[in-house]
Amino acid sequence: RVFVCEPLFKAYCREYGRNLRTGVFIHWVAGKGDIIIGDNVTIDGKCGFVFSPRFSDRPTLESGSHSVVGHGCSFVVGRRIRLGEYCLIAGGVAFSDSNGHPTDPGARKSGLPPSPDQIRPINIGNNVWIAGGAVILPGVTIGEGSIVATRSVVRKDVEPYTIVAGNPAVKVFDLRT
């Protein structure tokens with residue numbers, strides 16, 4: 001971990017803070033983009049980071065300080081995905097700010113990329129917990145202090161301090177009450 005995994009991942013980062021920690025697996029990083037990591041971040045297990053410069057000159061993945069990303073998470077970045085501070089991302093969570101293909105059948109058949117309006121950044125607020133196997137779709141903002149339940153598919157914004165669950169994810173509890 002100390003001699004291979006962490007130095008290799010740090011080499012992919014444009015910027016990283018103190019105490020960046022990885023597990024004993026080598027993360028999969030494909031494409032060219034910017035990884036910006038805050039202080040005291042753990043990226044555990046084996047995660048996948050795919051950057052698509054087809055949509056943006058420098059797609060960016062950013063993680064705030066004191067966040068943890070679990071084993072088997074995947075990030076597909078066409079423009080920007082941002083994790084706030086103190087976020088807990090459980091294993092197997094998938095983030096994608098693009099569908100990867102256009103929704104128009106003719107454009108797909110022609111091999112065209114999605115239109116620019118179909119690449120929508122993802123923004124995860126501070127102190128958010130995303131449970132295992134959740135899927136976060138393009139354009140989603142998850143508000144501060146929220147929780148996303150296991151295997152939920154989040155396709156719409158989540159209000160701050162809310163628990164969402166299901167496919168599609170819906171509000172099941174307000175944490176402020």
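Note: the structure precedes this text.
The notes below deal with the structure included here. (Residues numbered from 1 in each chain as written. Predicted model: local features only at pLDDT ≥ 70, side-chain atom pairs only at ≥ 80, totals over all residues. Heavy atoms only, no water.)

1. Some details on the overall build of the protein chain
Rules: Secondary structure elements are defined from DSSP: runs of H or I of at least 4 residues count as helices, runs of E of at least 2 residues count as strands, and each element is numbered from the N terminus. Between the two quantities, the radius of gyration covers C-alpha atoms and the globule rule is 2.2 Å times the number of residues to the power 0.38. Throughout, exposure labels follow a simple rule: accessible area from a 1.4 Å probe, protein chains only, divided by the maximum for the residue type, with under 20% read as buried, over 50% as exposed, and the rest as partly exposed.
Secondary structure summary: the protein chain contains 2 helices and 20 strands in total. Over its C-alpha atoms the protein chain spans a radius of gyration of 16 Å, differing by no more than 12% from the 16 Å that the globule rule assigns to 177 residues. Across its three principal axes, the protein chain shows a C-alpha extent of roughly 50 × 50 × 20 Å. In the protein chain, which comprises 177 residues, the proportion classed as buried is 45%.

2. Considerations on the packing of aromatic side chains
To keep it simple, the criterion reads: Here a pair means two rings of Phe, Tyr or Trp (six-membered ring of Trp) with centres within 6.5 Å. Their orientation is stacked below 30 degrees between planes, edge-to-face above 60, and tilted elsewhere.
Enumeration according to the criterion identifies 3 aromatic pairs in this entry. When the centroid spacing of 5.5 Å and the interplanar angle of 45 degrees are considered together, the rings of F9 and F49 count as tilted. Here F9 is found in helix α1 (residues 5-12), whereas its partner F49 is found in strand β6 (residues 48-51), with 40 residues between them in sequence. According to the relative accessible area criterion, F9 is buried, its value standing at 2%. Of the aromatic side chains, those joined through ring pairs into one cluster are F9, F49, F75 and F95.

3. Here we look at the pattern of salt bridges
Where we set the bar: By convention in these notes, a salt bridge is any Lys or Arg side-chain nitrogen within 4 Å of a carboxyl oxygen on Asp or Glu.
Using the criterion set out here, one finds 6 salt bridges in the structure. With its nearest N and O atoms 3.6 Å apart, the salt bridge here joins R176 to D174. Through salt bridges with shared partners, one network takes in R14, D34 and R58.

4. Side note on the nonpolar core
Cut-off, in case you're wondering: Think of a nonpolar core as a cluster: buried Ala, Val, Leu, Ile, Met, Phe, Trp, Tyr and Cys residues, connected wherever their side-chain atoms sit within 4.5 Å.
Counting 34 residues, the largest nonpolar core has F75, F95, I124, I130 and I136 as its most contacted members. Contributions of two or more residues to this core are made by β4 (34-37), β6, β9 (74-77), β10 (80-83) and β13 (122-124).

5. Thoughts on the sheet that holds strand β17 (residues 147-148)
Using the following cut-off: In this scheme, strands are said to pair when DSSP sees at least two bridges between them.
Spatial strand order, β2-β5-β8-β11-β14-β17-β19-β20: 8 strands in an open sheet with mixed pairing. Strands with a single pairing partner mark the edges of an open sheet, and in this sheet they are β2 (21-22) and β20 (170-174). When β17 meets strand β19 (residues 162-165), the two strands line up parallel, connected through 2 bridges. When the sheet's bridge partners are listed, V148 is paired in β19 with V164.

6. Some points on a nonpolar patch on the surface
Rules: In this scheme, patches are assembled from residues that exceed 30% relative accessible area and form no salt bridge. Like charges are connected within 9 Å, while nonpolar side chains (Val, Leu, Ile, Met, Phe, Trp, Tyr) are connected within 5 Å. Each accessible area is a Shrake-Rupley result for a 1.4 Å probe, and residues are judged covered by the shown protein chains and nothing else.
Where nonpolar side chains cluster on the molecular surface, the patch consists of Y161, V170, V172, F173 and L175 and spans about 420 Å² of accessible area. Here F173 lies in strand β20.

7. Some thoughts on the side chain of T162
Under the convention used in this document: Polar contact criterion, stated in full: a pair of N or O atoms within 3.5 Å, where within protein one must be able to donate a hydrogen and the other to accept it, and residues adjacent in sequence count only if both atoms are side-chain atoms.
Along the chain, the position of T162 falls in strand β19. Judged by its relative accessible area of 1%, T162 falls in the buried class. Within the structure, the side chain of T162 is placed 3.0 Å from the backbone oxygen of E159, a separation counted as a polar contact.

8. Notes on unusual backbone geometry
Note that the residue after N167, namely P168, is joined by a cis bond; omega there is -5 degrees. Its location among the elements puts P168 in the loop between β19 and β20. At N19, a residue that is not glycine, the phi angle is positive and equals roughly 60 degrees. Of note, N19 is situated in the loop between β1 (15-16) and β2.

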